[in-house]
Amino acid sequence: MKSYLGKRIVTAVLCVFLALLFNFIIIHAAPGNPIRILAGTDSVNEEMIAELTQKYGLDQPAYIQFFRYVGNLFKGDMGVSIYTGQPVADEIISKLGPTLLLCLTSSIIALILGTLLGIFCARHVGSALDSFLGSISYLFDSTPSFWLGLMLILVFASTLHLFPTAGMFNVRQNAEGFARVVDVLYHLVLPSTALSLTLIPYYFRIARTSVIQVGNEDFITTLRGAGMREDRIYRKYVFRNAILPVVTVFGIQLAYIVSGSAIVEIVFSWPGMGSYMMTAISRRDYPTLMGIYLVISISVAVMMIVVDVVYTYLDPRISRSEGK
Amino acid sequence: MNIKKFFCLFLCIALALCMFTACGGDSTDNTDTDSGEGVESEVTPGGTMLIGMGTEPITLNPNGKVDSNMGIIAPLLFSKLMTVTATGNIVCDLAESYELSEDNLSYTFHLPENVKFSDGEPMTSNDVKFSFEEIVKQGGQAAGVFADVASIECPDDNTVVITLNNPNAAFLGSLGYDGVYILPEHVYAGKDWLGEDGMQTPVGTGPFVFNEFNSGVSLSVVKNENYYKGPDLPYLDGISYSFIADVDTALQSFKNGELDIMGLIPSEASTKELMADPNYNCYVNMYASRFYLGFNLDKEPFNDINFRNAVAVGINKDDLITKAMETCCVKGENYFSPLFNWANDPAVTLPEYDAAKAAEYMEATGLEKDADGFYCHVELATYNYEPFPSMSQVLKSQLAEIGIDVKINMMEYAAWDENVAQNHDFDMTVIGTYIGPDVSNFSPHITTGGYFNFMNYSNEKVDELMTSGAGLVAEEDRAPYYQEVCGILAEDLPIVVIGEWVAYTPVPAYVHNYPLSDEVKDKVGTSDMSETWMDQQ
């Protein structure tokens, strides 16, 4: 197990480095110059552009910029934003909190609801509710998250006045302490609902399919033949085996959701990584973008390893086969 | 009711509500604008105003980096010697008065007494000198404004004398524009304005005092109890800016009453809807920003005056504005903005739509129609946000009628800047850009090698006239130079001016003395909320 984990970590580090290199090339290949955007359009001249280009080291060849960046990373320095002049690491940390709150809440809600509904439908295959929920899952799966977000705002904020339209807390009241916690949760309802609704279909379909698959396995038929009660078969054998793909999807999705929640964050003005990334892209803020992509790469790599480890605990066959 | 039925019912209701809300909405064809507030009411001080803002400021130093968001917040926290009002007038802000020497070289500004910064320290003429000298030293956004300053002297605590090397008509207006705020030397000396110190806590002499900045969420300011124009001003207890990137979300927040001022520009349909609503006053304001179409004069057939003439008279501006730009543009009539009408030659107007003439000009180019009936196939480069996509579509259909096949190339600003402005890789482009606060700021667009002259237009006479016009101060002395430029531009046609950028700003009726309102638009800057108040808090 230890050597397996070691191999996985080495592979993950290599993957993160390649992702970093790939992102660097893509970012610099995209048209647009951050310095010219920074300089704006009032009282600007070529001398100012040249001075700023030199200040941010963008006058150096691309490969020097890259290795300088990687070198600084080893010293724990992710650079400073061309725009705000603030350390990228500090900015990312301040944005990670709201994103994790939104993403974890939504993912857990989606995991529980999607899986439960999937299991329910798997046990009632062909029923009217199974068909209905199957159709609904495709509907939400194909619904753009920005549209869904806007519809939730129109219904629950503008029409019913049940929830606030946007933001993370009430700026006018600016509550503190426990009242602030309640206020944040209140503001969290609509964005997490929008994100959950787009995630539920994945868990629903995977749980449903895998429960049906495991339910049709020979050993389950044997258990049925032996006279074991259906509830006990499902509780003790089917769910335990069927949960593995759901865990995999949950882990992978959790890693990608940091960037995937961008649209929902923008629609609901949620101050997280997503909207931060979109702004950095439009401004071509190279250090910020590299920092964001680094965090996403690391989170994907880490989650892959975590999923594998969790897998081995859930399914002892995997650890045994790794050991061979 | 069991869980299954309840769940089905809930989903049905939610879906039905979604459908109802998505398809609903009031429609109206009432497009009356209400730009006045009517009867003057008694001021009700107090309350915190909530305003939307697309993205957060990238700096809290108003003289450091270029930042349109800080440009909105800065007048609340800081003061300038002068300010530019919504009507384009240059009026005194922190300065009580000023005089210009007879040789047009020395400006003497008189400052009021007992002005204090928000930290309680007194403001003196030395802070003005420090601010301007530091802007140059640090390479602040307005460093170019002081490039021709010979000296800044402080004969006493309340007098500043700025002497220029050459007369410069644009100088006074520049002191009322962005990036020239008066900062306290004891707070800002020795700091890196463009670097990490850019986010230091702001200290100024404005009507409000910085309170809190929650990155990604909001920025708030509270009333400055020691404001030098007080004791009543400002009327509001505070202002909070809420960062909302999505226009549709901001619109819903605004309509739900969560925002007092939307802050972002609503879509054309939403603007019309709000204009028709009696609960809002819609202020219409023209800025010195213009929409124009530019040609790449280094390429054929754009270097042919007949082709440019054909495009100029082939565009039906009235139709274009009605179809694509009704709530953001008024038709242009002259080569300079109407805000600088003194510079326009009344005898030289912009080309008017004339399909027959356009056909004649196209014939004169010597181009021949292909099998599809087009003389040529060209690309129109533009930005990917409204009104440019809609504008481009209408232009495409209008130019097709005179035999020009247009392929639209929409780009985000960064890509446009690289392709068009830097690499000069385009055929035609349509843009909207600020050309102020002085008429001489048109120079970078039309003079040889100008920063915005991506057309590569070059005419020595225009260069000479624009330079001469900027070196004089009185409008009557400057006018002949600019009027001659109008005549040359009409002959050369490096650009086709489409119109003036106007902003329709819907403001709830309970908000009074908004900077764009008739009551104050001639005396305060466009973001100065010192006299604004609300009768609903």
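Model, not experiment: these values are computed from the prediction.

Visitor: Help me get a handle on the overall build of chain A, residues and values and all.
Guide: Broken down by element type, chain A carries 14 helices and zero strands. Counting from the amino terminus, helix and strand elements in chain A follow one another as α-α-α-α-α-α-α-α-α-α-α-α-α-α. Taken along the three principal axes of its C-alpha coordinates, chain A extends 85 × 60 × 40 Å. Taken across its 324 residues, chain A has 48% of its residues classed as buried. In chain A, of all internal contacts separated by at least 6 residues, the share reaching a separation of at least 24 is 73%. Only carbon and sulfur atoms are counted for the fraction: they give 67% of the accessible area of chain A, which is about 15,500 Å². Here chain A contributes 24 positively and 21 negatively charged side chains, and the mean placements of these two sets differ by 12 Å.

Visitor: Hey, could you go over the overall build of chain B for me, with residue numbers and the actual values?
Guide: Per the secondary structure count, chain B includes 15 helices and 18 strands. Counting only C-alpha atoms and orienting by the principal axes, one finds that chain B spans roughly 90 × 75 × 45 Å. When burial is assessed residue by residue, chain B has 56% of its 537 residues classed as buried. Sequence separation of 24 or more characterises 70% of the internal contacts of chain B that already satisfy a separation of 6 or more. For chain B, the exposed surface amounts to about 21,400 Å²; the carbon and sulfur share of it is 48%.

Visitor: Give me the lowdown on the interface of chain A and chain B, citing residues and values where you can.
Guide: Contact residues are listed per partner, giving 59 residues for chain A and 55 residues for chain B. Summed over both partners, the interface of chain A with chain B comes to about 4,800 Å²; 61% of that surface belongs to carbon and sulfur atoms. Counting every contact that joins chain A to chain B gives three salt bridges. As a salt-bridge pair, glutamate 412 of chain B and arginine 284 of chain A come within 2.6 Å of each other at their nearest N and O atoms.

Visitor: Let's hear about the confidence of the model for chain B: which residues, and what values?
Guide: Residues and elements named next belong to chain B. For chain B, the average pLDDT comes to 88, and 92% of its residues sit at 70 or higher. Note that pLDDT drops below 50 for residues 6-39; the model gives that stretch 44 contacts with residues more than four away or on any other chain. Reported confidences for the modelled complex are a pTM of 0.82 and an ipTM of 0.80.

Visitor: An account of the domain arrangement of chain A is needed here, citing residue identities and associated values.
Guide: A common measure of how large an interface is: the accessible area buried when the components associate. Residue and element names in this part refer to chain A. Assigned domains within chain A: domain 1 (2-74) and domain 2 (92-323). Tallying the contact residues gives 20 residues for domain 1 and 18 residues for domain 2. The junction of domain 1 with domain 2 conceals about 1,700 Å² of combined surface from both sides, 74% of it contributed by carbon and sulfur atoms. Our count for the contact surface shared by domain 1 and domain 2 stands at one salt bridge. With its nearest N and O atoms 1.8 Å apart, the salt bridge here joins arginine 8 to aspartate 308. At the junction of domain 1 with domain 2, the criterion picks out three residue pairs in polar contact (both at pLDDT 80 or more). Within the residue set of the side of domain 1 that touches domain 2, elements represented by two or more residues are α1 (2-29), α2 (34-39) and α4 (62-74).

Visitor: Let's hear about helix α9 (residues 317-324) of chain B: which residues, and what values?
Guide: Residues and elements named next belong to chain B. Listed in full, the buried residues belonging to α9 are Lys317, Leu320, Ile321 and Ala324. The buried residues of α9 all sit within an arc of 100 degrees when viewed along its axis, so they share a single face. Where α9 begins, the side chain of asparagine 316 points an oxygen toward the backbone nitrogen of aspartate 318, at a separation of 3.3 Å.

Visitor: Explain the pairing of strand β5 (residues 106-110) of chain B to me, using residue names and the numbers behind them.
Guide: All names here are of chain B. β5 sits mainly inside the fold: four of its five residues count as buried. In this structure, strand β4 (residues 97-100) lies alongside β5, joined through four bridges in antiparallel fashion. For leucine 100, the partnering residue across the bridge sits in β5 and is tyrosine 107. Taken together, β4 and the strand that follows it, β5, pair antiparallel across an intervening segment of five residues, in which asparagine 104 is found at a positive phi of about 60 degrees. Here β5 pairs with strand β7 (residues 159-164) via five bridges, running antiparallel. Bridged to phenylalanine 109 within β7 is valine 160.

Calculation rules
- Every chain is numbered independently, its residues counted from 1 as its sequence is written.
- All chains are assigned letters beginning at A, and all ligands numbers beginning at 1, according to the order in which they are written.
- At least 70 in pLDDT is required for a residue's local features to be given in this predicted model, at least 80 for side-chain atom pairs to be given and counted, and no such filter applies to totals for whole chains, interfaces and linings, which use all residues.
- Each side-chain value is derived from all of the structure's non-hydrogen atoms; neither hydrogens nor water enter the calculation.
- Numbering of helices and strands runs from the N terminus, with a helix taken as a DSSP run of H or I at least four residues long and a strand as a DSSP run of E at least two residues long.
- The buried label applies to any residue whose accessible area, calculated with a 1.4 Å probe on protein chains only, is under 20% of its type's maximum; exposed applies above 50%, and partly exposed to all values in between.
- We call two residues contacting when some pair of their heavy atoms lies within 4.5 Å.
- To measure how exposed things are, a 1.4 Å probe is used in the Shrake-Rupley method; for residues, cover is taken only from the protein chains shown.
- A positive count includes Lys and Arg, and a negative count includes Asp and Glu. His and the chain ends are not counted in either.
- A charged residue contributes its charge at one atom only: NZ of Lys, CZ of Arg, CG of Asp or CD of Glu.
- Put simply, buried area is the surface a 1.4 Å probe can reach on two separate parts but cannot reach once they are joined, added for both.
- Any carboxyl oxygen of Asp or Glu within 4 Å of a side-chain nitrogen of Lys or Arg constitutes a salt bridge here.
- The predictor reports its confidence for every residue as pLDDT, a score running from 0 up to 100.
- Where a domain begins and ends is set by an automatic assignment or by a domain database.
- Here a polar contact is recorded for every N or O atom pair within 3.5 Å, except that within protein the pair must consist of a potential hydrogen donor and a potential acceptor, and residues adjacent in sequence are included only if both atoms are side-chain atoms.
- Note that the arc is computed from the directions linking the helix axis to the C-beta atoms.
- By this definition, two strands are paired if DSSP reports at least two bridges between them.

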